[in-house]
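Overview (structure and organization)
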Amino acid sequence: MSLTNTQYDSIINKYSKNRLIADRILEDRKKEIYKKIPEYKELDDLIITVSIQKGRDIISGQTDSVGELEDVIDSLIARKKLLLTEAGYPIGYLDSFYFCPECKDTGFVNGEKCSCFVQAEWDLLYDQLNLKDNIRVDTFDSVCYDYYSGENLTRLENAVNVCKDFVETFEEAHKSILLNGPVGTGKTFLTNCVVNALITKGFSCIYFSSIDLFDKLSRFQFDKEAKEKMADPMEDISRCDLLIIDDLGTELTNSFTQSCLFSILETRQKNGKSTLISTNSDLKDLRDRYDDRIFSRIYSNFEVCKLSGEDVRILKKQMSKRK
């Protein structure tokens, strides 16, 4: 599964935090036992002393005493277990524990990703998208054509086919898509279908609303305090397998946002990376809003899927009221 550096680091950091939590819990338990069962600490200290002596004997070649010292250690451990059970504690109360016993909270088993690591990848890739909760159920199999007819239906069918082909040829074709049309005509749904399919295939996808994208870039560029705390967002924006920019045209358009947008489109094109843009604006609006360099990149490198029709969300609500 393909992750950006930031995404990978966030998973590794979570494992580190889990180990810190487990160590803290274990330390608290040890303090509790030492307080309630003073003899237990004495045994721990004695085991350390005997183990040190055993090590010294091995180093000095006095191996005759090693077996005897091992027997002493075993008897001390047995006594510790007895003290725990007599006090009402389980034998393994002070054993190291792990959130995932399979990988012992390392994320890997025999050099391969543990199942818990793979699950963390899925969860992170979905959560960081910041899309609606129903992204996991929006698939091409759930496309509904009931609310479309005529030219609107033809346009939806074409958009669905384009998006399916986009997913199927994603790794080798490096295409980009522009979904444009009025509110409620299926842009978000098709975006979810594409993202869901690509994540299932193991590709990394990053989602930004247009406003959030340029706000984040602006804060990193101009806010010194924010810049010290956050990683350069352009790193992940440039490297992720698919970048989604939603509602392009809703941002405050100025020289900074235009420069950023051009840089993003140019960099991703040079790197052979795909971009999916959704917008309520048609091509004429985009040409009027953005400079020639940006419009040229979009017009030349994006497959445009125009959607039309009434707001499906409103139609569904109206039909539900009639039932």
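When their charged atoms lie close together, side chains carrying opposite charge are able to pair. Inspection of the entire model under this criterion finds 17 salt bridges. A salt bridge links E39 to R79, with the shortest nitrogen-to-oxygen separation between them at 3.1 Å. In this pair, E39 sits in helix α2 (residues 38–60) while R79 sits in helix α3 (residues 66–86), placing the two residues 40 residues apart along the sequence. Two residues, K54 and E70, come together in a salt bridge whose shortest N-O distance is 3.2 Å. Of this pair, K54 sits in helix α2 while E70 sits in helix α3, and the two are 16 residues apart along the sequence.

Spatial strand order, β4-β5-β6-β3-β7: five strands in an open sheet with parallel pairing. The sheet is open, and its two borders are formed by β4 (205–209) and β7 (302–306), each paired with just one other strand. Each adjacent strand pair in this sheet contributes to an overall mean axis angle of 15°, direction not counted. For β4 and strand β5 (residues 242–246), the ladder comprises five bridges, and the chain directions are parallel. Bridge assignment links C205 to a residue of β5, and that residue is L242. Sitting on the sheet, helix α7 (residues 187–200) is in contact with β3 (176–180), β4, β5 and β6 (274–279), with an inclination near 165° to β5.

Most peptide bonds take the trans form, and the phi angle of most residues other than glycine is negative. Within the chain, K104 stands out as a residue other than glycine whose phi angle is a positive 55°. Along the chain, the position of K104 falls in the loop between α3 and β1 (108–109). Judged by relative accessible area, which is 49%, K104 ranks as partly exposed. At D105, a position not held by glycine, the phi torsion is positive, near 60°. Turning to its location among the elements, D105 is positioned in the loop between α3 and β1. A residue is classified by how much of its surface remains accessible, and D105, at 4% relative accessible area, is buried.

Reading the values: the criteria
Residues numbered from 1 in each chain as written. Predicted model: local features only at pLDDT ≥ 70, side-chain atom pairs only at ≥ 80, totals over all residues. Heavy atoms only, no water. Salt bridge = Lys/Arg side-chain N within 4 Å of Asp/Glu carboxyl O. Helix = DSSP H or I, 4+ residues; strand = E, 2+ residues; numbered from the N terminus. Pairing = 2+ DSSP bridges. Axes fitted to C-alpha atoms, helices over the stretch in contact; angles between N-to-C directions. Contact = heavy atoms within 4.5 Å. Buried < 20%, exposed > 50% of the residue type's maximum accessible area, 1.4 Å probe, protein only.

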